[in-house]
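Here is what each chain is made of, one letter per residue.
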Amino acid sequence: MELYLDCAATTKMSRRAIDAMLPYMDEIYGNPSSLYSIGQRAKEALEKARERVAACIGAKAREIYFTSGGSESDNQAIVSAAINGAKKGKKHIVSTAFEHHAVLHTLKKLEKQGYEVTLLPVGSNGIVKVSDVENAIRDDTCLVTIMYANNEIGTIQPIREIGEICRAKGAVFHTDAVQAAGHIPIDVVKDNIDMLSISAHKFHGPRGTGALYVRQGIALNSLIEGGAQERGKRAGTENLAGIMGMTVALEDAVSEIDTVGKSIAESRDRLIAGLRKIPYSSLNGDEKNRLPGNVSFCFEGIEGESLLLMLDDMGISASSGSACTSGSLDPSHVLLAIGRVHEVAHGSLRLTMDRPLTDEELQYTVDSVKSVVERLRSMSPLWHDLEKGKRAHIFKEFEA
Ligand SMILES: *Cc1c(COP(=O)(O)O)cnc(C)c1O
């Protein structure tokens, strides 16, 4: 059996997204900035796409800027809010310890430039406390950046309440919604969001295409200088084919949230129930308040990388956490942020789905993980110590 269970890393493009792109790589190849008709046809499609993307998140067309993806959108939102905050003497930023590296590394860079960053802790349930956000905001806070849903453990944050507090206290609120867009409903107006990042390849669009929403009235600076594209805020000839693919993929994904999304969540819950029967395992993050397609576990006494390689041999593509950190020996900063100790954080597994699994696929997945965990434990000196009582278990034998 071949099962791709790493949809938080990237997704396969939908046929409809590919078909929507093709004309813009073929007959409608004009540059949207050109005045002749083939350029103007491209320009019309571009502006229509802006309206369509905006409609998917409750925004206005002029509040959408097309970018090269989630990382660029995060960088631009954060750097821009920081520069504009500094102009008013505000150089404090609030974020969390479990953001994506596109956010955390940008904040690190700003710290070196004299900004002060407060990284809020996240509870063991993987959810930021609204009161922590409220208490952290100061008179000199220019930006609060907190992700909509976490990419490793799938937990959904109380964005609407956080947005309300930021609005009341006069801090710009940015959210990295790369994992949320197309998977759970987003309304930038009701959610009190000032800036929001999305990325096409997380919802069956093309890699290398994204968007940044910036509420009207919020200042935006450009990261990339050059031509006057994107109303002077993002230079470079537009990736129109990518933008068309993203637009169709986002519309399709949003239209399926209430239907397919529900069925995916049922598969998620069955997968969680099955994996919990493996002794000394523990679900990462809140059980209910999580993305429909995210299952994340830690298993005591194993090493995540070997688990992944062995699952790959069984036809299952999975991840230990984030694709961006694999290859490094440090355990995931997300798992450490929710209080997992190093030795269990190393034994993590993330399974992320973009469709409901069949009974057979669910059974196959649970059986495969169970047998691989057993095999790895039988070879692990650490596990033998646990068995002989030389070390104490960290998890209960059965969690629930
Ligand atoms: C994937 C991801 C990103 C990066 O998006 P790219 O389009 O790959 O640059 C940023 N934030 C989160 C939460 C992500 O999951």
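Asker: Please set out the domain arrangement of the protein residue by residue, giving values where relevant.
Answerer: Domain annotation for the protein reports domain 1 (15-255) and domain 2 (258-387). Using C-alpha coordinates to define each centre, domain 1 is positioned 29 Å away from domain 2. Summed over both sides, the interface between domain 1 and domain 2 buries roughly 1,900 Å², with carbon and sulfur atoms accounting for 58% of that surface. When the area that domain 1 buries against domain 2 is broken down by residue, the three leading residues are His101, Glu152 and Ile153, summing to 35%. At the junction of domain 1 and domain 2, the tally comes to zero salt bridges. Here domain 1 and domain 2 share nine residue pairs in polar contact (both at pLDDT 80 or more) between them. Class assignment of the residues belonging to the side of domain 1 that touches domain 2 gives a composition of ten nonpolar, 14 polar and two charged.

Asker: Before we move on, can you summarise the packing of aromatic side chains with the specific residues and values?
Answerer: One pass over the full model with this rule turns up two aromatic pairs. Measuring from ring centre to ring centre gives 5.8 Å for Tyr280 and Trp383, while their planes differ by 70 degrees; the resulting arrangement is edge-to-face. With Tyr280 in the loop between α8 (260-275) and β9 (281-283) and Trp383 in helix α13 (residues 381-387), this residue pair connects regions lying 103 residues apart in the sequence. Judged by relative accessible area, Tyr280 falls into the buried class, the value being 15%. Owing to a relative accessible area of 8%, Trp383 belongs among the buried residues under this scheme. Arranged with centres 5.9 Å apart and planes meeting at 10 degrees, the rings of Phe297 and Phe299 form a pair that is stacked. Judged on exposure class, the residue Phe297 and its partner Phe299 are both buried. The ring of Tyr115 has Lys91 lying over it, and the distance from NZ or CZ to the ring centre is 4.8 Å. Above the face of the Trp383 ring, Arg377 is positioned so that its terminal group lies 4.1 Å from the ring centre.

Reading the values: rules and limits
Residues numbered from 1 in each chain as written. Predicted model: local features only at pLDDT ≥ 70, side-chain atom pairs only at ≥ 80, totals over all residues. Heavy atoms only, no water. Domains from an automatic or database assignment. Buried area = accessible area lost by both parts, 1.4 Å probe. Salt bridge = Lys/Arg side-chain N within 4 Å of Asp/Glu carboxyl O. Polar contact = N/O pair within 3.5 Å; in protein donor to acceptor, adjacent residues only side chain to side chain. Nonpolar A, V, L, I, M, F, W, Y, C, P; charged D, E, K, R; others polar. Phe/Tyr/Trp six-rings, centres within 6.5 Å; stacked < 30°, edge-to-face > 60°. Helix = DSSP H or I, 4+ residues; strand = E, 2+ residues; numbered from the N terminus. Buried < 20%, exposed > 50% of the residue type's maximum accessible area, 1.4 Å probe, protein only. Lys NZ or Arg CZ within 6 Å of the ring centre and 35° of its normal.

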